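Observations on the three-dimensional arrangement
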Amino acid sequence: MSEGWNIAVLGATGAVGEALLETLAERQFPVGEIYALARNESAGEQLRFGGKTITVQDAAEFDWTQAQLAFFVAGKEATAAWVEEATNSASAQGKKAVDALAGQSAKLLNGIPIDEEDFFGRQLAFNMLPLLPDSEGSVREERRIVDEVRKILQDEGLMISASVVQAPVFYGHAQMVNFEALRPLAAEEARDAFVQGEDIVLSEENEFPTQVGDASGTPHLSVGCVRNDYGMPEQVQFWSVADNVRFGGALMAVKIAEKLVQEYLY
């Protein structure tokens, strides 16, 4: 496949879609043709990729047989609408949430009351919000963390507890992680392991990363505050931040595609 892979990106005009295109170019992924797809209302928009201008196409009119790889970074509804057809041929809530937070912040800083019927249904700016259970009786974002960790570690019975809170930042996820090893593990040993990790940046012992200062726009996971749990010394805690769009969304998707190309499609 010396001429590259023909790639479709559904949701190309969203935050993750834009970061995905940038990441494909930055990592010099072998791209043949790139197809930027979105819903009808975004069709015709112009995007930049690899120094060239590409026109966004209406996903409803796209011939999926043209693509050899497809990235689905649109909302759940749009993905569900097209993934079956595609597979027969081939920041966390998206841009609207970012715009809504910016609007709330601007209004409050200018003494204007916000409309609590907007995207979040509550004031998020300068505030924090818990997430409510859905029809399955649990929080979707918390289920996703548990399911993804179990899948990565290939242990469907792994005991994991996750709590998610909506914070008033535009980009970046932050985590306070507490884990127990199979044997006593000193914080220094954990730090040594992080240093060896790919795409991980470890802060100095007296420093720590933040979403605003270290996560926004960066393609790596920043880790700090590594220590043994005071109440349970056999456990280790650490703080981590990452850009959910560039690292959690775009980079991880591209790295999966790179591995797929290297190990399965040649």
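Everything below is about the structure shown above.
These notes cover the structure that comes with them. Remember, predicted model here, so these are calculated numbers, not experimental data. (Residues numbered from 1 in each chain as written. Predicted model: local features only at pLDDT ≥ 70, side-chain atom pairs only at ≥ 80, totals over all residues. Heavy atoms only, no water.)

1. Quick word on the overall build of the protein
Here is the rule we go by: Every helix listed is a DSSP run of H or I at least four residues long, and every strand listed is a run of E at least two residues long, numbered separately from the N terminus. Our radius of gyration looks at C-alpha atoms and nothing else; its globule reference is 2.2 Å times the residue count to the power 0.38. Under the convention used here, a 1.4 Å probe and the Shrake-Rupley method define accessible areas, while residue burial counts only the protein chains that appear. Charged residues are defined narrowly, with Lys and Arg counted positive, Asp and Glu counted negative, and His plus the chain ends left uncounted. A charge is said to be at NZ when it belongs to Lys, at CZ for Arg, at CG for Asp and at CD for Glu.
On a plain count of helices and strands, the protein comes out with seven helices and 12 strands. The C-alpha atoms of the protein give a radius of gyration of 21 Å, which matches the 18 Å a tight globule of 266 residues would have. With respect to the three principal axes, the spread of C-alpha positions in the protein is 60 × 55 × 40 Å. Accessible surface for the protein amounts to roughly 16,200 Å². Of this, 51% is attributable to carbon and sulfur atoms. Here the protein carries 20 positive and 41 negative side-chain charges, and the mean point of each set is 1 Å from the other.

2. A short note on the sheet that holds strand β6 (residues 69–72)
What counts is decided by this rule: Whether two strands pair depends on DSSP finding at least two bridges between them.
If you walk across this open sheet you meet the four strands as β5-β2-β1-β6, and the pairing is parallel. One side of each edge strand has no neighbouring strand; the edge strands of this open sheet are β5 (57–58) and β6. Pairing geometry for strand β2 (residues 31–38) and β5, over two bridges, is parallel. Each bridged residue has a counterpart across the sheet, and for Ala38 the counterpart in β5 is Asp58.

3. What about the pattern of salt bridges?
The line we're drawing: Definition used for salt bridges: Asp or Glu carboxyl oxygen within 4 Å of a side-chain nitrogen of Lys or Arg. Accessible area is worked out with a 1.4 Å probe on protein chains only. A residue is then buried under 20% of its type maximum, exposed over 50%, and partly exposed in between.
Applying the stated rule across the entire model yields four salt bridges. Of the charged contacts in the structure, one is a salt bridge between Arg143 and Glu136, with a shortest N-O distance of 3.5 Å. For Glu136, a relative accessible area of 60% corresponds to the exposed category. Here the residues in one salt-bridge network are Asp134, Glu136 and Arg143, joined through shared partners.

By themselves, these figures tell us nothing about what the structure is for.
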